[in-house]
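An overview of the molecular structure
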Amino acid sequence: MGRNRGTDSGGNGGTDSRSSDGRTALVIGGGIGGLAAAIALHRTGWQVTVVERSAVLEDAGAGISLAANGIRALEALGLGEAVRRAAHPQYTGGTRTPDGRWLSRMDGAALERALGVPVTGIPRAQLHRLLRRALPPHCLRTGVTGSPDAAGTDLVVAADGVRSAIRTRLFPDHPGPVYSGSTVLRAITAEPLALDADFALTWGPGAEFGHIGFPDGRAEWHAVLAAPAGVRHPDPLAFLRRRFAGWHESTARLLAATRSEDVLHHDVHELVSPLPSYAVGRVALLGDAAHAMTPNLGQGACQALEDAVVLAAELAAGPDVETALLRYDAVRRPRTQAVARAARLAGRMGHRLSHPLAVSLRNGALRLAPSGATVRAILRHADWTPPRLPPAPSGAGGDGHSERSSTAGDSTQSAT
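An account of the accompanying structure is given in this report. (Residues numbered from 1 in each chain as written. Predicted model: local features only at pLDDT ≥ 70, side-chain atom pairs only at ≥ 80, totals over all residues. Heavy atoms only, no water.)

**Regarding the overall build of the chain**
Cut-off, in case you're wondering: Runs of H or I in DSSP of at least four residues are treated as helices and runs of E of at least two as strands, each being numbered from the N terminus. The buried label applies to any residue whose accessible area, calculated with a 1.4 Å probe on protein chains only, is under 20% of its type's maximum; exposed applies above 50%, and partly exposed to all values in between. Contacts are assigned to residue pairs that have any heavy atoms within 4.5 Å of one another. The Shrake-Rupley method, run with a 1.4 Å probe sphere, supplies the accessible areas, and residue values consider only the shown protein chains as cover.
The helix and strand inventory of the chain stands at 14 helices and 17 strands. Within the chain, the fraction of its 416 residues that count as buried is 55%. Pairs at least 24 residues apart make up 79% of the contacts formed inside the chain by residues separated by at least 6 positions. Put simply, the chain shows about 16900 Å² of open surface, and 53% of that area lies on carbon and sulfur atoms.

**Notes on the sheet that holds strand β12 (residues 199–204)**
As a reminder of what qualifies: Following DSSP output, two strands are said to pair if at least two bridges run between them. Each axis is a line fitted through C-alpha atoms, taken for helices only over the stretch in contact, and angles between the N-to-C directions span 0 to 180 degrees.
Taken in spatial order, the seven strands line up as β7-β6-β12-β13-β14-β11-β15 in an open sheet, and their pairing is mixed. The sheet is open, and its two borders are formed by β7 (102–105) and β15 (264–270), each paired with just one other strand. Across the sheet, the axes of successive neighbouring strands diverge by a mean angle of 20 degrees, strand direction being ignored. Bridging between strand β13 (residues 207–213) and strand β14 (residues 219–226) involves seven bridges; their strand directions are antiparallel. Looking across to β14, one finds that Gly213 is bridged to Ala219.

**Some details on empty space enclosed by the protein**
Here the idea is plain: a probe the size of a water molecule rolls over the atoms and shows the empty space left. Worth spelling out the cut-off: Think of a 1 Å grid over just the protein atoms. A cavity is a set of points where a 1.4 Å probe fits yet cannot get out, a pocket is an open set with protein on both sides within 12 Å along at least five of seven lines, and lining residues have an atom within 4 Å of a point. Grid points are joined across faces, edges and corners, and a volume is the space filled by probe spheres set on the points. Under the scheme applied here, ten amino acids are nonpolar (Ala, Val, Leu, Ile, Met, Phe, Trp, Tyr, Cys and Pro), four are charged (Asp, Glu, Lys and Arg), and all others, including Gly, are polar.
Scanning the entire structure with this criterion turns up one cavity of 30 Å³ or more. Roughly 40 Å³ of internal volume is contained in the largest cavity. Together, Arg96, Ala200, Thr202, Phe209, Gly210, His211, His248, Ser250 and Leu254 line the largest cavity. Of all the elements in the fold, those that place two or more residues in the lining of the largest cavity are β12, β13 and α8 (249–256). Residue contributions to the lining of the largest cavity peak at three residues, all from β13. When grouped by side-chain class, the residues that make up the lining of the largest cavity number three nonpolar, five polar and one charged.

**Remarks on the sheet that holds strand β8 (residues 120–123)**
Pairing is antiparallel in the open sheet, where three strands are placed in the order β4-β8-β5. Looking at the sheet topology across the chains shown, the edges are occupied by β4 (63–66) and β5 (88–89).

**Re the packing of aromatic side chains**
This is how the line gets drawn: Pairs were defined over the aromatic rings of Phe, Tyr and Trp, the Trp ring being its six-membered one, requiring ring centres within 6.5 Å. Orientation was assigned from the angle between planes: stacked under 30 degrees, edge-to-face over 60, tilted for the rest. Only Lys NZ and Arg CZ are tested; either one counts as a charge over a ring when it is within 6 Å of the ring centre and within 35 degrees of the ring normal.
Taken as a whole and judged by the stated rule, the model has three aromatic pairs. Judged by centre distance (5.6 Å) and plane angle (15 degrees), the rings of Phe209 and Trp221 are stacked. Within this pair, whereas Phe209 is found in strand β13, its partner Trp221 is found in strand β14, the two being separated by twelve residues in sequence. Here Phe209 and Trp221 have matching classes, each one buried. Seen from their ring centres, Phe244 and Trp247 are 4.7 Å apart, and the 85 degrees between their planes marks the pair as edge-to-face. Three or more aromatic residues joined by ring pairs form one cluster here, namely Phe209, Trp221, Phe244 and Trp247. Its guanidinium or amino end placed over the ring of Trp102, Arg96 lies 4.1 Å from that ring's centre, counting from NZ or CZ. Its end group placed over the ring of Phe244, Arg243 keeps NZ or CZ at 5.6 Å from the ring centre.

**Considerations on the nonpolar core**
Operational definition: Among buried residues, the Ala, Val, Leu, Ile, Met, Phe, Trp, Tyr and Cys ones that are joined through side-chain atoms within 4.5 Å form a nonpolar core.
Counting 86 residues, the largest nonpolar core has Leu41 and Leu66 as the members making the most contacts within it. A total of ten residues in this core trace back to one element, the largest contributor, which is helix α10 (residues 300–317). Setting aside residues up to four positions removed in sequence, Leu66 forms contacts with Ile71, Leu74, Val83, Pro118, Val119, Thr120, Ile122, Leu127, Cys302 and Leu305. Counting 18 residues, the second largest nonpolar core, distinct from the first, contains Leu185, Ala207, Leu237 and Trp247.

**Re helix α12 (residues 356–368)**
Put simply, the rule reads: Multiplying 1.5 Å by the residue count of a helix minus one yields the expected span of that helix. What the arc measures is the spread of directions leading from the helix axis to the C-beta atoms.
With 13 residues, α12 ought to run about 18 Å at 1.5 Å a step, and its terminal C-alpha atoms sit 18 Å apart, in line with that. Turning to α12, its buried residues number three or more, namely Val359, Arg362 and Asn363. What you see down the axis of α12 is that its buried residues fit within an arc of 95 degrees, all on one side. The exposed set on the far side of α12, more than 90 degrees from its buried face, consists of Leu357, Leu361 and Leu368.

**Notes on the side chain of Asp267**
Short version of the rule: Think of a polar contact as two N or O atoms within 3.5 Å of one another; within protein, one of them needs to be a possible hydrogen donor and the other a possible acceptor, and neighboring residues in sequence only count if both atoms come from side chains.
Assignment of secondary structure puts Asp267 in strand β15. Within the structure, Asp267 has its side chain in polar contact with the side chain of Thr183 (distance 2.7 Å). In terms of polar contacts, Asp267 uses its side chain to reach the side chain of Arg232, at 3.3 Å.

**So, the pairing of strand β6 (residues 93–96)**
In this structure, β6 lies alongside β12, joined through four bridges in parallel fashion. Residue pairing for β12: Arg96 is matched across the bridge by Thr202. Sheet topology note: the β6/β7 ladder contains three bridges and is antiparallel. Note on β7: the bridge partner recorded for Thr95 is Ser104. Here β6 folds back onto β7 in antiparallel fashion, the turn holding five residues, of which Gly100 has a positive phi close to 100 degrees.

Shape descriptors only; they carry no functional weight alone.
This is the structure we're talking about:
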């Protein structure tokens, strides 16, 4: 394992990741889920190599919301304190109509009382950098395509995304990802701006516009549209200004604070047909490769982080890789597939509604819902407790680098 040639990039310190018992893992995919899995495995004694097919890590991406389950998973990886320093807690906000009237409010303080942490917003690139720095140097190899047939590897983690080549190889009869019917444009503003909420979603016929705030006063915004796949616009900002003309003032202000070259546009694909297993022999599927879902609940990255912690915990419990992966599948597949179904339903009841009567009925129901309904809806998926990761054996791969060097000690385990 690890003989592939590529550009080495990784942590900012640490020691050799060699495991005391020689267990080796190849993680295919250097996204959030793949890096989290590598950290979890390294901390429990594995010698880990992460291969990423992109030659250069450009730290691209917009923002990400982390619910309590995502934060708890990061705490289990020793990154809780570092992430909280880089993130902005979302205490105020909710869902509103295009004219700015609130349909429901989110009480971040109530979430914090219930879970120990509110929803938090962090630039995706910043989270990715924190994950990379938690790994020893030379662990991450870019410009390399991994294979599940890597010789001498005890474990392969397929974290190669929604269009996973490993998933296709393991399940050739599976239909793979399908277009969800929604496309998303998003960006981080180029400058700080004052907004009336930390977090907000606005639902209009066939469209959603939302934002999350960051500690430096900038914000990430996203526009989700029910549209055919593949449609692109020469000037995305000009298109969005036309599309959201007449919506409340915050929408126009967020677009005005954005540079056109910063706008990202992606069609949303998901695994509508659930996989029959997340484990085949010594190969584990993780993150979007296993359960790509729509972003309507903000749970995609959180579920990938959960996957990483559970995978390492089950492997640490033994007795062998294949048995541990079967337990991983039994734990993770029901939960993640349920979250994916809930996210799909949320989209149907949110931005994908376009008939005036259906929109009116939904809005009326939200206005009449009790004040704690939003908190209970978030608790349904965010109230998750990670398994305990045992320390690595003496001299093994888990040298404590990710916890001590990156976070100066994470003392927030009580939140879990």
